[in-house]
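# Chains, contacts and geometry: an overview
Here's the letter readout for the chains.
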Amino acid sequence: MSRAEIVETEAGDARVTWWAAKNARGVLALGHGAGGGIEARDLRALAGVLPSHGVTVALVEQPWRVAGKKVAPAPRTLDTGWRGVWPALAGAGLPVASGGRSAGARVACRTAAELGAVGVLALSFPLHPPGRPERSRAQELLGAGVPALVVQGGNDPFGRPDEFPDGAYELVEVPHADHGFAVPKRAGAGEAETLKVITDAVTAFTRRLWE
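Here's a quick rundown of the structure. Keep in mind it's a predicted model, so treat the numbers as computed, not measured.

## As for the overall build of the chain
Counting its secondary structure elements, the chain contains six helices and eight strands. Reading the secondary structure of the chain in the N-to-C direction produces β-β-β-α-β-α-α-β-α-β-α-β-β-α. Over its C-alpha atoms the chain spans a radius of gyration of 16 Å, differing by no more than 12% from the 17 Å that the globule rule assigns to 211 residues. Dimensions of the chain, computed from C-alpha atoms along their principal axes, come out at roughly 45 × 35 × 30 Å. Among the 211 residues that make up the chain, the fraction classed as buried is 51%. Excluding contacts between residues fewer than 6 apart, the proportion of contacts in the chain whose partners are at least 24 apart in sequence is 62%. Of the roughly 9600 Å² that the chain leaves accessible, carbon and sulfur atoms contribute 51%. Seen as two clouds, the 23 positive and the 22 negative side-chain charges of the chain have centres 4 Å apart.

## Overview of the packing of aromatic side chains
Per the stated rule, a full pass over the model turns up one aromatic pair. A cation over a ring is seen here: arginine 65 above tryptophan 64, with NZ or CZ 5.9 Å from the ring centre.

## Thoughts on the side chain of threonine 206
Within the secondary structure layout, threonine 206 lies in helix H6 (residues 191-209). Apart from residues lying up to four places away in sequence, threonine 206 is in contact with Arg25, Leu50 and Val55.

## Remarks on the nonpolar core
Within the largest apolar cluster, 34 residues are counted, with the highest numbers of intra-cluster contacts made by Val16, Leu89, Val120, Phe125 and Leu141. Going through the elements one at a time, strand S2 (12-19), strand S3 (26-31), strand S4 (55-61), helix H3 (75-89), helix H4 (103-115), strand S6 (120-123), helix H5 (138-142) and strand S7 (148-153) are the ones with two or more residues in this core. It is H4 that contributes the most residues to this core, six residues altogether. When sequence neighbours within four positions are dropped, the list of residues in contact with leucine 141 reads Cys109, Phe125, Ala148, Val150, Phe164 and Tyr169. Counting 28 residues, the second-largest nonpolar core is a separate cluster that includes Leu28, Ile38, Leu195 and Phe205.

## Examining the environment of alanine 24
Locating alanine 24 in the fold gives a position in the loop between S2 and S3. Every residue in contact with alanine 24, bar those within four places of it in the chain, is listed here: Gly54, Thr56 and Leu94.

## Here's the deal with the pairing of strand S1 (residues 2-9)
Across eight bridges, the pairing between S1 and S2 is antiparallel. Note on S2: the bridge partner recorded for isoleucine 6 is arginine 15. Between the end of S1 and the start of S2, which pair antiparallel, lie two residues.

## Comments concerning the packing of H3 against H4
Where H3 contacts H4, the two axes come as close as 10 Å, and the packing angle between them is 45 degrees. In this view, H3 runs oblique relative to H4, as classed from their interaxial angle. Two packed elements cross with a definite hand, and for H3 against H4 that hand is right-handed. Within the contact between the two elements, H3 uses Pro75, Leu78, Asp79, Trp82, Arg83 and Trp86 and H4 uses Val107, Arg110, Thr111, Glu114 and Leu115.

## Topic: the packing of helix H1 (residues 41-49) against H6
Across the interface, H1 lies against H6 with an axial gap of 10 Å and an inter-helix angle of 60 degrees. Considering their axes alone, H1 and H6 lie oblique with respect to each other. Relative to H6, H1 is oriented so that their crossing is right-handed. Residues Arg41, Asp42, Ala45, Leu46 and Val49 of H1 form the contact with H6, whose participating residues are Glu191, Leu195, Ile198, Thr199, Val202 and Thr203. Looking at side-chain class alone, the contact of H1 with H6 contains six nonpolar, two polar and three charged residues.

## A few points about the pattern of salt bridges
Scanning the model with the defined rule gives 13 salt bridges in all. Glutamate 191 is the salt-bridge partner of arginine 41, the closest N and O atoms lying 2.9 Å from each other. Linking arginine 41 in helix H1 with glutamate 191 in helix H6, this pair joins segments that are 150 residues apart in sequence. Salt bridges here are not isolated pairs; linked through shared partners, they connect Asp79, Arg106, Arg110 and Glu140.

## Some points on the sheet that holds S6
Read across the open sheet, the eight strands follow the order S1-S2-S4-S3-S5-S6-S7-S8; overall the sheet is mixed. At either margin of the open sheet sits one strand with a lone partner, and together these are S1 and strand S8 (170-174). Each strand axis lies, on average, 20 degrees off the axis of its neighbour in the sheet, ignoring direction. The strands that H4 touches are S3, strand S5 (96-101) and S6; relative to S5, the one it contacts most, it runs at about 145 degrees.

Reading the values: rules and limits
- Residue numbers restart at each chain and count upward from 1, following the sequence in its written direction.
- A pLDDT threshold of at least 70 governs which residues receive local features in this predicted model, and a stricter bar of 80 or more applies before side-chain atom pairs are shown or counted, although totals over entire chains, interfaces and linings include all residues.
- Note that water and hydrogens are dropped before the side-chain values are worked out from all heavy atoms of the structure.
- The way it works is that DSSP assigns letters per residue, a run of H or I at least four long becomes a helix, a run of E at least two long becomes a strand, and they are numbered from the N terminus.
- Each radius of gyration reported is based on C-alpha atoms, and the globular scaling rule is 2.2 Å times the count of residues to the power 0.38.
- Type-normalised accessible area, obtained with a 1.4 Å probe on protein chains alone, sets the label of each residue: buried when under 20%, exposed when over 50%, and partly exposed for intermediate values.
- The criterion used for residue contact is that any of the two residues' heavy atoms lie within 4.5 Å.
- Using the Shrake-Rupley algorithm and a 1.4 Å probe, accessible areas are obtained, with residue cover drawn only from the displayed protein chains.
- Residues counted as positive are Lys and Arg, residues counted as negative are Asp and Glu, and His and the chain ends are not counted.
- Every charge is mapped to an atom, namely NZ of Lys, CZ of Arg, CG of Asp or CD of Glu.
- Stacked, edge-to-face and tilted labels apply to pairs of Phe, Tyr and Trp rings (six-membered ring for Trp) whose centres lie within 6.5 Å, assigned for plane angles under 30 degrees, over 60, and everything in between, in that order.
- When the NZ atom of lysine or the CZ atom of arginine is within 6 Å of a ring's centre and also within 35 degrees of its normal, the charge is said to sit over that ring.
- Buried Ala, Val, Leu, Ile, Met, Phe, Trp, Tyr and Cys residues form a nonpolar core when they are joined through side-chain atoms within 4.5 Å.
- DSSP-based pairing: two strands are paired if at least 2 bridges between them are found.
- Between the N-to-C directions of two axes lies an angle of 0 to 180 degrees, each axis being a line fitted to C-alpha atoms and, for a helix, fitted only over the stretch in contact.
- Throughout this description, any angle smaller than 35 degrees is read as roughly parallel, any larger than 145 degrees as roughly antiparallel, any in the 65 to 115 degree range as roughly perpendicular, and the remainder as oblique.
- Crossings are assigned a handedness: left-handed for a near helix turned anticlockwise from the far helix by less than a right angle, right-handed for a clockwise turn.
- Under the scheme applied here, ten amino acids are nonpolar (Ala, Val, Leu, Ile, Met, Phe, Trp, Tyr, Cys and Pro), four are charged (Asp, Glu, Lys and Arg), and all others, including Gly, are polar.
- In the sections that follow, a salt bridge refers to a side-chain nitrogen of Lys or Arg positioned within 4 Å of a carboxyl oxygen of Asp or Glu.

Given below as C-alpha cells:
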C-alpha cells in the first residue's frame, strides 16, 4: 500500500508517494523524467519490489507535474524542488539514497553531496541529447560525490552504455532497451524479464549501501 503527501517547496507543492518497508534500513527517493511522471515502468517496478528488501521507496513528483504543467522547468528549478522535498525524505531519520530517471537522475547527481545522500541511482541517465554526443552531461554523473549506480538501456539514444566514460560508479546494461526501458519484440525479452534486470541491480546496490 502507498501513501501520498504534499510537500511545500520554493518551486511549488511537490507530492511524495511512499511505499514503506516494514523494517526499513533506508529510503530510496526517486524522481521522474521531463517527459513523464512516477507512472514510469521502472519507477513502479522498484516501488513494488524494494520494500520487501527493507527499502522504503519515495516516488517524488516535481511541482511542475503536481501543478499540471506539460513542460519541465529549467534544471535550477528542478533542483530547488528536490531540495525542498529532502527534509520530508530524511524525516524518519533513515539514510536516504537519491535517484531518478532521465532528468530526475541528473537532479539526483547534481544535489546528492550537498543533501547528504548516501548514494545515487541514475535510471536512463541522459548522457547527451539524441544525436548530439558532443553535448555531454558526464560531469554531472562524475561529480556526484557518492556511490552511484547507472542502469542504462543498451539502445538508449540519450547514451548507450558503451558511450559512458570511466568513473567511480557502477553501470548495469539493460539489453536492447530504449530510454524508457522498452524492448522490441524481436529481442525476445518480455517486459517482466527487462524489469527484473533493473530491480535485481537496484536491490543489490541498496544492499551494499546499507550493509
